[in-house]
Amino acid sequence: HMPLLWTHLIPATLEGKAAHNVQNAMFAAGMAYSMNVKLEDIRLGLRTFDSSFFQAPGRLNVFDELGFKVILDYGHNPAAVSAMCDLVDAIADGGHFGRRIGVIAAPGDRRDVDIVEIATRASKSFDVFFCKRDDRLRGRGESEVPNMLATTLREQGIDDSAIHVIP
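In this report, the structure presented in the accompanying data block is examined.

Cut-off values and rules
- Residues numbered from 1 in each chain as written.
- Predicted model: local features only at pLDDT ≥ 70, side-chain atom pairs only at ≥ 80, totals over all residues.
- Heavy atoms only, no water.
- Axes fitted to C-alpha atoms, helices over the stretch in contact; angles between N-to-C directions.
- Helix = DSSP H or I, 4+ residues; strand = E, 2+ residues; numbered from the N terminus.
- Parallel < 35°, antiparallel > 145°, perpendicular 65-115°, else oblique.
- Left-handed = near helix turned anticlockwise from the far one by under 90°.
- Contact = heavy atoms within 4.5 Å.
- Nonpolar A, V, L, I, M, F, W, Y, C, P; charged D, E, K, R; others polar.
- 1 Å grid on protein atoms, 1.4 Å probe; cavity = no way out; pocket = protein on both sides within 12 Å on 5 of 7 lines; lining within 4 Å.
- Points joined across faces, edges and corners; volume = space filled by probe spheres on them.

1. Some words on the packing of helix H4 (residues 112–122) against helix H5 (residues 144–155)
So, step 1. With their axes 8 Å apart at the nearest point, H4 and H5 run at an angle of 50° to one another. Relative to H5, H4 is oriented oblique. Relative to H5, the crossing made by H4 is right-handed. Each of Asp112, Ile115, Val116, Ile118, Ala119 and Thr120 in H4 lies in contact with H5, whose residues at this interface are Val145, Met148, Leu149, Thr152 and Leu153.
So, step 2. Of the residues belonging to the contact of H4 with H5, the class tally is eight nonpolar, two polar and one charged.

So this is what it looks like as structure tokens:
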């Protein structure tokens, strides 16, 4: 057991609320240590890496300059979407937040079951949904994936007024 750094001091963990990045930091620290990197250097790396658009474009980029928070993450599989939903839930826990608006998408080469799982998980964490198609269809029809997402949201009890399909 070697104390290294409190997780809330690692910018990429958003004060420890991004549990998936806590895990990533632990893995990175373990790998670096096994490669004989000094603990001080590992600490410095963890303290200075953040999930800004400039260091990690499309990966947990947070924008909150306009009086509301936007989290941009290209979560393109059920596990990644679940991690983002867990983060949204953790950020909102105990605080007063307005609507939680989610833009959900999936690449066309994902299995139907994965697309359904993405929408099912998102249905529990957001109030308004924009179902968008990926820029590359990867074998799917123009609106096939957004329509699958919207259908699943409806099956999860989400009202049509909260679902917007963006073909």
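2. Here's the deal with the packing of helix H1 (residues 19–34) against helix H2 (residues 39–48)
So, step 1. Closest axis-to-axis distance for the H1/H2 pair is 10 Å, and the angle between their directions is 150°. Between H1 and H2, the angle is such that the two are roughly antiparallel. H2 is crossed by H1, and the crossing has right-handed handedness. Of H2, the residues touching H1 (which contributes Ala25, Ala29, Ala32 and Tyr33) are Leu39, Ile42 and Leu46.
So, step 2. In terms of residue class, the contact of H1 with H2 is built from seven nonpolar, no polar and no charged.

3. What about the layout of surface pockets?
So, step 1. Computed from the structure, the largest pocket encloses a volume of approximately 1000 Å³.
So, step 2. Lining the largest pocket are 37 residues, and of these Ile71, Ile101, Gly102, Val103 and Phe126 sit closest to its centre.
So, step 3. Counting residues per element, the ones that place at least two in the lining of the largest pocket are strand E2 (70–72), helix H3 (78–92), strand E3 (101–104) and H4.
So, step 4. In terms of residue count, H3 provides more of the lining of the largest pocket than any other element does, seven residues in total.
So, step 5. Split by residue class, the lining of the largest pocket holds 22 nonpolar, five polar and ten charged.

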